Amino acid sequence: MDTVQISIISPYSDEQHNSLKILLDGLFPCPEVVAKVMMDGEAHTKSMLDLGGSPRCLCIDVANQFPQAQVIGIDIAPNLQKTSPPNCRFELWDINKGLSPFYGQFDLVHMRFTSGVHLVDHHASTLEAIKCLKPGGLIICLKIGLSVKEDRVTVMPAATSRMPEQSWYQRFFSFVELGSTQRGLPAEIYNHDYDEGFWDHDTMDAKTCGAAFITIPLGAWVTTSDPAETACLRTIGKFWAENAMRIHRHLDHVMSSAGRSEKDIELLHTHLDNELQTTRIRSSMIIRAIWGCSQSVEDANSRNHSPPRDEDAPLPLLSNEPGEYRVITIFDNKPTWTKFNAQLMSTMTPDTKKLRGIPGFDPIEA
Ligand SMILES: C[S@@+](CC[C@H](N)C(=O)[O-])C[C@H]1O[C@@H](n2cnc3c(N)ncnc32)[C@H](O)[C@@H]1O
């Protein structure tokens, strides 16, 4: 596997982290589960490991929120810009080497935005991360994905030579996934991990597992019935569009791995900048989160922990209503989560699918 280190996202992570905090109304998509694992029992024995945590913001916030807990962030790249509270430290470590020095020590293990272009093997590192949990400890993983239309339940069609008015961001993101696959980390595998969640994992307690579908406006286009909320979502949308503009210029090597020519990449940049500076396309980036607790000793002894399965369970409220913008939907069982993911992917146009799967598909040279 190619091990190019991409460090361009870190400088912006304070703002990125702060915008996520606003959207999630806190640090995590499952605050109750976090509170349970971090607050049950002796506070001074609690600990968190943040994988890819060099931007430090999350670690520092957790260390401040749980001042008696120990917080460790590990990252392949150092970040020496911030001072940390005394209960928070950072170590240089390449996640792809495995996590054996950290096994069995943590109540909470967190892994956000380390897959894809970062060339962290999500599947292998998740299995390793689970081994870092104490019995009953909680793992939370978050990943950025494709973008959806304003309705929140339809994948935005990617721009193609025949349909240049469609989304260039989606085209770009398709190449990120394909480029990652071509560079040795099949997007299909880490997407599958997210489709499945932790419900059926051998060492996890299914009744503690959950997933979240989180949408973030890409651009300042949202209008809701509340002017303050509108202003906030527009500021956040503007930030993420600017963030995307900063990032795409640094990923030409990933675009090349996806079979794009230099000319094609240049045109992509031009169209992307135009799209991200306007509100012509009203899309939202998707973040998917999955979490679950490892079995406690009692669970492991009884092994009868799966909640009843209801294959026909209705989906939770998902789509946006006029004048409202939904940020997060929580799924507490696997059937609805997998059904939702399958329905969402079925809305992808054949061209978008091909752009994600066939190197060099639909060259745009003019
Ligand atoms: C997009 S940033 C996300 C940062 C942080 N987790 C957050 O959500 O704000 C990805 C982080 O993963 C780190 N990273 C990339 N490859 C890594 C590896 N092989 N081992 C450890 N950290 C890695 C990068 O240095 C960077 O800090």
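Small disclaimer: the values here were computed from a predicted structure and weren't measured. (Residues numbered from 1 in each chain as written. Predicted model: local features only at pLDDT ≥ 70, side-chain atom pairs only at ≥ 80, totals over all residues. Heavy atoms only, no water.)

K.L.:
Provide a residue-level description of the pairing of strand 6 (residues 204–218), including the pertinent values.
P.N.:
Burial analysis of strand 6 places 13 of its 15 residues in the buried class, the great majority of the element. Pairing of strand 6 with strand 7 (residues 283–294), which is carried by eleven bridges, proceeds in the antiparallel orientation. Bridged to I214 within strand 7 is I287. Pairing geometry for strand 6 and strand 8 (residues 328–331), over four bridges, is antiparallel. Opposite I214, over in strand 8, you have I328 as the bridge partner. (Buried < 20%, exposed > 50% of the residue type's maximum accessible area, 1.4 Å probe, protein only. Helix = DSSP H or I, 4+ residues; strand = E, 2+ residues; numbered from the N terminus. Pairing = 2+ DSSP bridges.)

K.L.:
Hey, could you go over the layout of surface pockets for me, with residue numbers and the actual values?
P.N.:
Considering only enclosed or pocket space, the largest pocket measures out at about 420 Å³ in volume. Taken together, 20 residues form the lining of the largest pocket, with E177, A187, N191, M345 and R356 sitting closest to its centre. For the lining of the largest pocket, the secondary structure elements donating two or more residues are strand 5 (133–148), helix 5 (168–182), helix 6 (187–196), strand 7, helix 11 (334–346) and helix 12 (350–357). K36, V37, D40, G136 and C293 are the residues nearest the centre of the second largest pocket, which is lined by 19 residues in total. Secondary-structure elements contributing two or more residues to the lining of the second largest pocket are helix 2 (31–39), strand 5, strand 6 and strand 7. Each residue belonging to the lining of the second largest pocket can be placed in one class, and the counts come to four nonpolar, seven polar and eight charged. (1 Å grid on protein atoms, 1.4 Å probe; cavity = no way out; pocket = protein on both sides within 12 Å on 5 of 7 lines; lining within 4 Å. Points joined across faces, edges and corners; volume = space filled by probe spheres on them. Nonpolar A, V, L, I, M, F, W, Y, C, P; charged D, E, K, R; others polar.)

These figures capture arrangement, not role.
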